[in-house]
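# Structure assessment
Single-letter residue listing:
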Amino acid sequence: MPLPAPAPTGSDRTDADPARPPLTLPDLTLCVAGRPLATLRGLTLRPGDVLHLQGPNGAGKTTLLRALAGEQPGAEAARIVSCAPGSLPARAATAWVPTDAPLPDDLSAGEFLHFTAALWSRPVAPLLTLAGALGLERWLDAWPQELSRGTRQKVALSAALGLELPLMLLDEPFGTLDTASRAALLAAVQARAAAGGALVVTTHGAELAPLHPRTLTLAPA
Ligand SMILES: Nc1ncnc2c1ncn2[C@@H]1O[C@H](COP(=O)(O)OP(=O)(O)OP(=O)(O)O)[C@@H](O)[C@H]1O
């Protein structure tokens, strides 16, 4: 399950720090099952950067995000807050929202937001504020199985963005959202960046264009 992750404590705490860029990606070849998939030119994401990760279907966008989240090999050379992907400090600094993010069956949407905030030792207010902006008030007492796909995604996005971690990895976050919710999500992404968060966002569309993001296009290896 992408969220929650271990709660950061003591020296693991990774609030935005310009001296520790949220993400450093060297030139690397992304491999899946031992086969080269895509090549990346190196980049460093600093607090406030929004990176639009783009490329055709099958280029490896999701694979790269999963590797950065520490869920599979492939990006061992990357550094997240100066630490290896999958390490505790890296995971403590990263909010990862895949497409169709799973939610626990035994928590209502609101309970999930409270649980996530408590696990990360963060205030729940930002998570609830985002949930409100995404129109989730009437769904906070509902179980995941009662929610539509887009509504579940809004819950996961509210949890991830509301934690206000240094790095957010969002895979096709606009894909299941209605028009009003897309605008609310774009505003939330912009606010996180303005507050010093760094975000990597995949989308085939032009939703991020108003933010003038940096871009990284995956090229076949
Ligand atoms: N665990 C795996 N084993 C083998 N092949 C895999 C594995 N994971 C992904 N792939 C392959 O890697 C390629 C890249 O997939 P990925 O989902 O990362 O692409 P994407 O750029 O996100 O595509 P889309 O735009 O369709 O979401 C695909 O050909 C996929 O089948």
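Residues numbered from 1 in each chain as written. Predicted model: local features only at pLDDT ≥ 70, side-chain atom pairs only at ≥ 80, totals over all residues. Heavy atoms only, no water.

As recorded by an unreviewed UniProt entry, the protein chain carries the name ABC transporter domain-containing protein and is attributed to Deinococcus knuensis.

### Digging into the nonpolar core
Counting 41 residues, the largest nonpolar core has V155, L170, L185 and L199 as the members making the most contacts within it. With residues near it in sequence (within four places) discarded, V155 still touches L103, A109, F112, L113, L136 and L147. Core analysis: the second largest hydrophobic core is formed by 30 residues, L40, A67, A69 and V81 among them. (Core = buried A, V, L, I, M, F, W, Y, C linked by side-chain atoms within 4.5 Å. Buried < 20%, exposed > 50% of the residue type's maximum accessible area, 1.4 Å probe, protein only. Contact = heavy atoms within 4.5 Å.)

### A closer look at helix α4 (residues 125-133)
Buried within α4 are the following residues: P126, L127, L130 and A131. Considered in projection along α4, the buried side chains sweep an arc of 140° and stay on one side of the axis. Residues of α4 that are buried make contact with α3 (109-119), α5 (149-162) and α6 (179-194). Remark: G135 follows α4 within two positions and exhibits a positive phi of approximately 75°. (Helix = DSSP H or I, 4+ residues; strand = E, 2+ residues; numbered from the N terminus. Arc of directions from axis to C-beta.)

### A word on the sheet that holds strand β7 (residues 94-97)
In space, the five strands of this open sheet follow the order β7-β8-β9-β5-β10, with parallel pairing throughout. Looking along the sheet, the strands with just one partner apiece sit at the ends: β7 and β10 (214-217). This sheet shows a mean twist of 15° between the axes of neighbouring strands, independent of strand direction. By the bridge criterion, four bridges tie β7 to strand β8 (residues 167-171) in an arrangement that is parallel. Across the sheet, the residue bridging to A95 is M168, located in β8. Across the sheet, helix α1 (residues 61-68) lies against β5 (50-54), β7, β8 and β9 (198-202), angled at about 150° from β8, the strand it touches most. In the packing of α6 onto the sheet, the strands contacted are β5, β8 and β9, and the crossing angle to β9 comes to about 150°. (Pairing = 2+ DSSP bridges. Axes fitted to C-alpha atoms, helices over the stretch in contact; angles between N-to-C directions.)

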